[in-house]
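Survey of secondary and tertiary structure
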Amino acid sequence: MIRTQRLAAGVCALLATLAAGLAFPAAARAGEPTGEGTPKVDLVLDVSGSMRSRDIDGGSRMAAAKQAFNEVLDATPKDVRLGIRTLGANYPGEDRRTGCKDTAQLYPVSTLDRTEAKTAVATLSPTGWTPIGPALLKAAGDLGTDAGSKRIVLISDGEDTCAPLDPCEVAREIAAKGIGLTIDTLGLVPNTKLRKQLSCIAEATGGTYTSVQHTDQLTDKVNQLVDRAADPVVTPVATEGAARCTDAPSLKSGLYTDREEFGQQRWYKVEVRPGQELRTSVSVAADRAVNPDYGVLLRAVTVHGREIVRGEAAGNGRTDVVSTGLRYPKAESDDEQAPAETVCLQVTNSFSAASGVKTTPGMPVELTVDVVGGASQAHDVASFGLGRGWWLLGLLVLTGFLAGLVWGWVSRWRVAVWRTN
């Protein structure tokens, strides 16, 4: 009985110790690769024939969109360059090939002239098809590839009518270019198929989908998205990992984006000088349907292939993003001329595609690299990522051990007293 109590006490103390002592790597901050430039927004409006329907606050969907646009134009920040593109606004015929080319720039992405923009919006009349995919491709071209926040706000009341050009695949291709462009979508009809398509478009680029059924909701949401474009942002720098470390790109502190296919490995290199600490994390996003039970592995390896430290995480289908990180401090050297060490970073995923899902382009990968000075000792952090938490861990283990001894002695004393009495 006494031994059982001692064992239970020791196990409880050890579990408490492990729970309290485990420390996660510190979040890396973005470094030099930041995007600074004029924020740009392209409002893409569906002007297809279905926009005549009168089911938004007693008026037509087109009337609600016009009213929202006018209020948004009045509230657009001065430092935002805004443009308007339409789809389905000009061709009323039945020829599908012609209808699927019906997208035009109503107002160029530029410094806003509110009077001119409002006049252009007033001329719109619901007309033809719904070529969402072609309109997104053109809108991406409207925004260009220069630095700064770039956002497309798509407003539609129906699915794309120009298959097989899947607008969700178009969004993935835009995201794969690494130009820092976000697509937000707003649906004017509570339709399951529409929601699924617009959600897929938004998720492919890290944007949001919102269902709106009232004019004031539409106005508020578009205003919010335009204002968000003006917020300071860190734009990930596009990079392309290699199949092996020797060919990998050399990265400095900053935020990077890449694409990785299912089950693929990508390699990157980072220079770490004596006395510095490498902190890095990676996130892989499932921007399409994947099978459950997946994971991501991040390894820091020497150029000779010896593993230094690793971080890994797993998912079961309940989340669209899986992330992990690691820390590697390089001990200080007495030699001031000691060369930097090349650390190879390997990113591996175990995602698998669901039936019928395209595997290209690869899934979005976001890699954060931070090389800081004043690293803690190498044997601290390299083991399980505990860092200086080892001191706390040792203290708690000792406390648990002593608590177990005291508990056993008290239990034994109580049993002896009971027997005596």
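The structure we're discussing is the one just above.
Residues numbered from 1 in each chain as written. Predicted model: local features only at pLDDT ≥ 70, side-chain atom pairs only at ≥ 80, totals over all residues. Heavy atoms only, no water.

Considerations on the packing of aromatic side chains
- Applying the stated criterion across every chain, the model contains one aromatic pair.
- An angle of 15 degrees between the planes, with centres 4.4 Å apart, marks the rings of Tyr294 and Phe351 as stacked. Residue Tyr294 is found in strand 12 (residues 294-301), and its partner Phe351 is found in the loop between strand 15 (341-349) and strand 16 (363-373); the two are separated by 57 residues along the sequence. Residues Tyr294 and Phe351 agree in their burial class; the two are buried. (Phe/Tyr/Trp six-rings, centres within 6.5 Å; stacked < 30°, edge-to-face > 60°. Helix = DSSP H or I, 4+ residues; strand = E, 2+ residues; numbered from the N terminus. Buried < 20%, exposed > 50% of the residue type's maximum accessible area, 1.4 Å probe, protein only.)

Let's talk about the packing of helix 2 (residues 61-75) against helix 4 (residues 114-122)
- Packing of helix 2 against helix 4 brings their axes to within 10 Å, and their N-to-C directions diverge by 175 degrees. Regarding the angle of helix 2 to helix 4, the classification is roughly antiparallel. Residues Lys66, Phe69, Asn70, Leu73 and Asp74 of helix 2 touch helix 4, and the partners they reach there are Arg114, Ala117, Lys118, Val121 and Ala122.
- The residue makeup of the contact of helix 2 with helix 4, split by class, is five nonpolar, one polar and four charged. (Axes fitted to C-alpha atoms, helices over the stretch in contact; angles between N-to-C directions. Parallel < 35°, antiparallel > 145°, perpendicular 65-115°, else oblique. Contact = heavy atoms within 4.5 Å. Nonpolar A, V, L, I, M, F, W, Y, C, P; charged D, E, K, R; others polar.)

A few points about the environment of Arg172
- Relative to the helices and strands, Arg172 is located in helix 6 (residues 167-176).
- Arg172 has contacts with Cys200, Ala204, Arg259, Asp287, Arg288 and Pro361, leaving out every residue within four places of it along the chain.

Notes on the environment of Val270
- Looking at where Val270 falls in the secondary structure, it is placed in strand 10 (residues 265-272).
- Note on Val270: relative accessible area 1%, which makes it buried.
- Setting aside residues no more than four positions away along its own chain, Val270 makes contact with Leu251, Leu278, Glu341, Thr342, Val343, Leu345, Val369 and Val371.

Observations concerning the packing of helix 5 (residues 132-143) against helix 6
- Interaxial distance between helix 5 and helix 6 falls to 8 Å at its minimum, and their mutual angle equals 20 degrees. In terms of their interaxial angle, helix 5 and helix 6 are classed as roughly parallel. Classified by chirality, the crossing of helix 6 by helix 5 is right-handed. Taken together, the residues of helix 6 that come into contact with helix 5 (itself represented by Ile132, Gly133, Leu136, Leu137 and Ala140) are Pro167, Val170 and Ile174. (Left-handed = near helix turned anticlockwise from the far one by under 90°.)

Comments concerning the sheet that holds strand 4 (residues 150-156)
- Spatially, the six strands line up as an open sheet ordered 3-2-1-4-5-6, and their pairing is mixed. Of all strands in the sheet, those bounded by a partner on one side alone are strand 3 (103-110) and strand 6 (209-211). The mean angle between the axes of side-by-side strands here comes to 15 degrees, regardless of whether they run parallel or antiparallel.
- Bridge count between strand 1 (residues 40-46) and strand 4: six bridges; the pairing is parallel. Residue Val44 lies in a different strand from strand 4, and its bridge partner there is Leu154.
- Packing against the sheet, helix 5 makes contact with strand 1, strand 2 (81-87), strand 3, strand 4 and strand 5 (181-187), and its axis sits at approximately 155 degrees to strand 4.
- Set on the sheet, helix 8 (residues 215-230) makes contact with strand 1, strand 2, strand 4, strand 5 and strand 6; between it and strand 4 the angle comes to about 165 degrees. (Pairing = 2+ DSSP bridges.)

Quick look at the state of the cysteines
- Enumeration according to the criterion identifies three disulfides in this entry.
- The partner cysteine of Cys245 in its disulfide is Cys344, sulfur to sulfur 1.8 Å. Handedness of the Cys245-Cys344 disulfide follows from its S-S torsion of about -70 degrees: it is left-handed. In this pair, Cys245 is assigned in the loop between strand 7 (237-238) and strand 8 (250-251) and Cys344 in strand 15, connecting sequence segments 99 residues apart. For the pair formed by Cys245 and Cys344, the shared burial category is buried. (Disulfide = S-S within 2.5 Å.)

As for helix 6
- Counted residue by residue, helix 6 has seven buried out of ten residues, so it is predominantly covered.
- The N-terminus of helix 6 is capped by Asp166, whose side-chain oxygen sits 3.0 Å from the backbone nitrogen of Cys168.
- Positive backbone phi, approximately 65 degrees, marks Gly178, located one or two places after helix 6. (Polar contact = N/O pair within 3.5 Å; in protein donor to acceptor, adjacent residues only side chain to side chain.)

Everything listed is a geometric property; what it means functionally is a separate question.
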